[in-house]
Structures are given as structure tokens and as C-alpha cells.
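# Overview (structure and organization)
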Amino acid sequence: MSSVYALLFIVATIVLVIGLARKIVQYAKTPAPLKIPTTPAPVTQTGVVFRLFREVVLFESLFKSTKWTWIFSWLFHMGLFLVLLRHVRYFIDPVWLPIQLIQPFGKYAAFAMVAGLAGLLVRRIFVDRVRYISAPSDYLWLLILLTIGMSGAMMTFVIHTDVVAVKQFFTGFWTLSGGELPMDPILLIHLTLVAVLMILLPFSKLLHIPGVFFSPTRNQVDNPRERRHLVEWARKFEES
């Protein structure tokens, strides 16, 4: 069974890396023929960097749009960020000092992650206008992420698994030295859903993760009067 999970995560990692790289290249090559930054927009490139920082870290536009959705979404994303940082310890040896310091915060961030996901799921079910535009996959992603979060929290606070063996398995996975994975049901559910998430992410709506950096409404400088906006293919057409 350990070999099956090792193979599963090899496939999942390859699909995730190649799929994300392919989409990022596609986003980068997609022309933006119009100057369409959402105003009020920065008029310098430095301002654009700060705007993207506020968008990625603080969810600025969502905060301006709807406060309840912002609360649940920010809780989920920041909780997930800390949880992912905490999980770095399973892949490195020795564990870096910053990762050691983040452990207590990442431990309880699982509750923020689950609370945020639960709020977003309730929103999709009970808010009419959101339910109307929701596809089955929207509910499926929330349920997968909820199950991952709850199963991870259960292994930390309720049914403990052998984390030393888990670390040996994953460090052995990266170094090709092998390792036995504990056959705890909660752990297997957790890892299976993580692998499913990794495989499907490059083909899902979750591509807003890299996509936000390529959004012309966010990454463009608001200078249409000062400088003509002309994409490469339009410039070649004009010259010909």
C-alpha cells in the first residue's frame, strides 16, 4: 500500500507541476489588447505591485464587495497558508527554524480553515443568487477541502497518527529511499483527497491562484493617456 501511495503522489506531483506550468505559460502568452485596469488604479508599476500585494494578501476587492464572503474566504486562505507552512516539516530534515516557529500557529489554523470553508459552503447553499450560479463542482471542491481540513485536524487533536513514520515516508519519497506509510484510515482518506486535489487543480476553477497575477484589470498601469497600449501582435500588424 505504501508503494501505491508513493506512485499516486508521484503522478499527482507531475500533473500538478506540469499542469500549472502549462497554464501559467498560457496566461502569460494571452494578449491583453485593451487597457482595462479597474479604477481607481495605480499610475505606476510600483503601485501595481502594491495593488497585487493587497489583492493577494488582504483580498481588497472582495472586502469592498461583500464583507461576509471576505471574512470566510480570508479565514480559509490564511488558515490554509499556515497549515501548508506547517506541513513543510514532513519534507525536510532538519526542519528550518521558521517552520519550527510556525508549528503552534499552523496547528490551530486548521480551525480557521474549516470555519472559512463551512461559511463558504453555507453561503452557496442558502444565498439565492450564489446558489443559482453554482455548479456541482463548486460544492464538490468545498466538500473535498472541508474533508481534508477536518481529517487533518482529527489526526492532530482526536485520533493521532504516527507522524514520524509519515515524515519518513515523504522524505523517503523525495530521496527515493523508501518508507512505510501508516495504514490509519483517517490518514489514508486525508492523503487520497490531497492527491485528488493536486491532480485536478490544474483543470479547475482553483486556477485563480496563479490567474490573479495575470488579470489585466489588476496588473495594468492606469496610463492610457500618457502611453499607448499596444500588444506585440498588434504592433507587428500595424508595421506591416
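Okay, so let's go over this structure. (Residues numbered from 1 in each chain as written. Predicted model: local features only at pLDDT ≥ 70, side-chain atom pairs only at ≥ 80, totals over all residues. Heavy atoms only, no water.)

### A few points about the overall build of the protein chain
- Looking only at helices and strands, one finds twelve helices and zero strands in the protein chain.
- By principal-axis analysis of the C-alpha atoms, the protein chain measures approximately 65 × 45 × 40 Å.
- Taking all contacts inside the protein chain whose residues are at least 6 apart in sequence as the whole, residues at least 24 apart take part in 69%.
- For the protein chain, the accessible area works out to roughly 15,000 Å², and carbon and sulfur atoms hold 71% of it. (Helix = DSSP H or I, 4+ residues; strand = E, 2+ residues; numbered from the N terminus. Contact = heavy atoms within 4.5 Å. Areas by Shrake-Rupley, 256 points an atom, 1.4 Å probe, with all protein chains shown as cover.)

### Examining the environment of Lys35
- Among the structural elements, Lys35 can be located in the loop between helix 1 (2-29) and helix 2 (45-58).
- For Lys35, a relative accessible area of 26% corresponds to the partly exposed category.
- Spatially, the C-alpha atoms of Lys35 and Gly119 are 36 Å apart, while their sequence positions differ by 84 residues.
- Non-local contacts of Lys35, meaning those with residues more than four positions away in its chain, are made with Gln220, Val221, Asn223, Pro224 and His229. (Buried < 20%, exposed > 50% of the residue type's maximum accessible area, 1.4 Å probe, protein only.)

### So, the packing of helix 1 against helix 9 (residues 185-200)
- Where helix 1 contacts helix 9, the axes come no closer than 8 Å and their chain directions differ by 25°. With respect to their mutual orientation, helix 1 and helix 9 come out roughly parallel. Taken as a pair, helix 1 and helix 9 cross one another with a handedness that is left-handed. On helix 9, the residues that touch Tyr5, Leu8, Phe9, Ala12, Thr13, Val15 and Leu16 of helix 1 are Leu188, Leu191, Thr192, Val194, Ala195, Met198 and Ile199.
- Split into classes, the residues belonging to the contact of helix 1 with helix 9 amount to twelve nonpolar, two polar and no charged. (Axes fitted to C-alpha atoms, helices over the stretch in contact; angles between N-to-C directions. Parallel < 35°, antiparallel > 145°, perpendicular 65-115°, else oblique. Left-handed = near helix turned anticlockwise from the far one by under 90°. Nonpolar A, V, L, I, M, F, W, Y, C, P; charged D, E, K, R; others polar.)

### Overview of the packing of helix 4 (residues 67-87) against helix 5 (residues 97-126)
- Contact geometry of helix 4 with helix 5 gives a least axis separation of 6 Å together with a crossing angle of 145°. The two elements helix 4 and helix 5 cross, and the hand of that crossing is left-handed.
- Tallied by class, the residues present in the contact of helix 4 with helix 5 amount to 17 nonpolar, seven polar and three charged.

### Let's talk about helix 9
- Over its 16 residues, helix 9 extends 23 Å from the first C-alpha to the last, a length consistent with the 22 Å expected when each residue adds 1.5 Å.
- All buried positions along helix 9 are accounted for by Leu187, Leu188, His190, Leu191, Leu193, Ala195, Leu197 and Met198. (Expected span 1.5 Å × (residues − 1).)

### Some details on helix 4
- Here helix 4 contains 21 residues, and its C-alpha end-to-end distance of 30 Å stays within 8% of the 30 Å for a straight helix at 1.5 Å per residue.
- Those residues of helix 4 that sit buried are Thr69, Ser73, Phe76, Gly79, Val83 and Arg86. Along the long axis of helix 4, the arc covered by the buried residues comes to 155°, so they all point the same way.
- Residues of helix 4 that are buried in the fold lie against helix 3 (60-65), helix 5 and helix 7 (136-157). (Arc of directions from axis to C-beta.)

### Describing the nonpolar core
- Grouped together as the largest cluster of nonpolar side chains are 37 residues, with contacts concentrated most on Tyr5, Phe9, Leu117, Phe170, Leu181 and Leu191.
- Those elements that provide at least two residues to this core are helix 1, helix 4, helix 5, helix 7, helix 8 (163-175) and helix 9. (Core = buried A, V, L, I, M, F, W, Y, C linked by side-chain atoms within 4.5 Å.)

### Remarks on the pattern of salt bridges
- What the rule picks out here adds up to six salt bridges.
- The closest approach of N and O atoms between Arg54 and Glu60, which form a salt bridge, is 3.0 Å.
- Its relative accessible area of 31% is what places Arg54 among the partly exposed residues.
- Overlapping salt bridges, with partners in common, bring together Arg54, Glu60 and Lys64 in one network. (Salt bridge = Lys/Arg side-chain N within 4 Å of Asp/Glu carboxyl O.)

### Structural notes on the environment of Leu145
- Among the structural elements, Leu145 can be located in helix 7.
- Taking the C-alpha atoms as reference points, Leu145 and His190, separated by 45 residues in sequence, lie 9.9 Å from one another.
- Among residues more than four places away in sequence, those in contact with Leu145 are Phe76, Met113, Leu117 and Leu197.

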